[in-house]
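Results of the structural survey
Each chain is listed here by its residues.
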Amino acid sequence: MEYKKPLGVKIEENGVIPGAKKLVRRLSDMKGYFLDEEAYEELLKEDPVVYEVYAVEQEEKDGDLNFATTVLYPGKVGKEFFFTKGHFHARADRAEIYYGIKGKGGMLLQTPEGEVEWIPMEPGTVVYVPPYWAHRTVNTGDEPFIFLAIYPADAGHDYGSIKEKGFAKLVIEEDGEVKLVDNPRWKE
Ligand SMILES: O=P(O)(O)OC[C@H]1O[C@](O)(CO)[C@@H](O)[C@@H]1O
Ligand SMILES: [Fe+2]
């Protein structure tokens, strides 16, 4: 039997996992994701980084685990806070755990039928993402929102239906408050 080597790494203050694979998502990678298209086009002139992911991933095998930090920057497109794209798992029955490290935000979760849950997150919050729920994190603060995700190595990502239809709710700022409102573009 060939055993894999165990691994211990320290997450840096800024969320970076040394030696991890880095993925950068700029606003230009998220066309069609935000409601306010005019605000999107305007901000596209700067094309800010919306989030970075530092992932330590294994082969897509049953039983193994991946982990990744995400540094989700503060910002808004119109009234809508910056968020991660959001996805179902390609193997839809795979669950996931998130752990809040820094900053303030929350997670939007949604079933395939469009039932939505919002879970506020701060440093120390653990979120259990059950099988079959799509998930998207949102930065509702004014500093980077940093969190760790731990997920089955064979979970995969299914961005398709979220890219097309979005979530049934939007997370916006209105009158200085964080609000969840119906997404006018949501279709079942
Ligand atoms: O894959 P998305 O929706 O862009 O969000 C990124 C985050 O979600 C994960 O894909 C895990 O669910 C991580 O790689 C990362 O923490
Ligand atoms: Fe996931």
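Residues numbered from 1 in each chain as written. Chains lettered and ligands numbered in written order. Predicted model: local features only at pLDDT ≥ 70, side-chain atom pairs only at ≥ 80, totals over all residues. Heavy atoms only, no water.

A word on the overall build of the protein chain
Looking only at helices and strands, the protein chain has two helices and 13 strands in total. For the protein chain, the C-alpha radius of gyration of 16 Å lies close to 16 Å, the compact-globule estimate for 188 residues. The dimensions of the protein chain, computed from C-alpha atoms along their principal axes, are 60 × 35 × 30 Å. Counting across all 188 residues of the protein chain, residues that qualify as buried make up 44%. (Helix = DSSP H or I, 4+ residues; strand = E, 2+ residues; numbered from the N terminus. Rg over C-alpha atoms; globule rule 2.2 N^0.38 Å. Buried < 20%, exposed > 50% of the residue type's maximum accessible area, 1.4 Å probe, protein only.)

With respect to the sheet that holds strand S11 (residues 145–152)
Strand pairing within a sheet occurs via backbone hydrogen bonds; the two strands may be parallel or antiparallel. Pairing is antiparallel in the open sheet, where six strands are placed in the order S1-S2-S3-S11-S6-S9. Only two strands of the sheet have a single partner each, and these edge strands are strand S1 (21–26) and strand S9 (126–129). Taking the axes of each pair of neighbouring strands and ignoring which way they run, one obtains an average angle of 20° across the sheet. (Pairing = 2+ DSSP bridges. Axes fitted to C-alpha atoms, helices over the stretch in contact; angles between N-to-C directions.)

Some remarks on the site of ligand 1
As a structural note, the neighbourhood of ligand 1 is formed by 16 residues, with Tyr-51, Thr-70, Glu-96, His-157 and Tyr-159 the closest of them. Thr-70 is positioned such that a nitrogen or oxygen atom in its side chain is 2.6 Å from an oxygen atom of ligand 1. The backbone of Gly-86 places a nitrogen or oxygen atom 2.9 Å from an oxygen atom of ligand 1. Burial of ligand 1 by the protein amounts to 96% of the accessible area it has alone, namely 380 Å². Among the elements of the structure, strand S2 (49–56), strand S3 (65–72), strand S6 (96–102) and S11 are those that each provide at least two residues to the shell around ligand 1. (Near = heavy atom within 4 Å. Polar contact = N/O pair within 3.5 Å; in protein donor to acceptor, adjacent residues only side chain to side chain. Areas by Shrake-Rupley, 256 points an atom, 1.4 Å probe, with all protein chains shown as cover.)

Digging into the pattern of salt bridges
It is possible for side chains of opposite charge to pair when their charged atoms get near one another. Applying the stated rule across the entire model yields 15 salt bridges. Two residues, Lys-31 and Glu-41, come together in a salt bridge whose shortest N-O distance is 3.6 Å. Linking Lys-31 in the loop between S1 and helix H1 (37–44) with Glu-41 in helix H1, this pair joins segments that are ten residues apart in sequence. A salt bridge links Asp-182 to Lys-169; its shortest N-O distance comes to 2.7 Å. (Salt bridge = Lys/Arg side-chain N within 4 Å of Asp/Glu carboxyl O.)

Quick look at the pairing of S6
Bridging between S6 and S9 involves four bridges; their strand directions are antiparallel. What sits directly across from Ile-97, in S9, is Tyr-128. Judged from the five bridges that link them, S6 and S11 form a sheet pairing that is antiparallel. Pairing of Ile-97 across the sheet is with Ile-150, part of S11.

Brief notes about the nonpolar core
Counting 35 residues, the largest nonpolar core has Phe-34, Val-77 and Tyr-98 as its most contacted members. The set of elements that each furnish at least two residues to this core consists of H1, S2, S3, strand S7 (105–110), S9, strand S10 (134–139) and S11. Contacts of Val-77, omitting those with residues within four sequence positions, involve Leu-27, Phe-34, Asp-36, Ala-39, Tyr-40, Leu-43 and Phe-82. Judged by nonpolar contacts, the second largest core, of seven residues, contains Ile-17, Tyr-54, Val-71 and Ile-146. (Core = buried A, V, L, I, M, F, W, Y, C linked by side-chain atoms within 4.5 Å. Contact = heavy atoms within 4.5 Å.)

A closer look at the environment of Glu-177
Examined against the element boundaries, Glu-177 turns out to sit in strand S13 (residues 177–182). Judged by its relative accessible area of 48%, Glu-177 is partly exposed.

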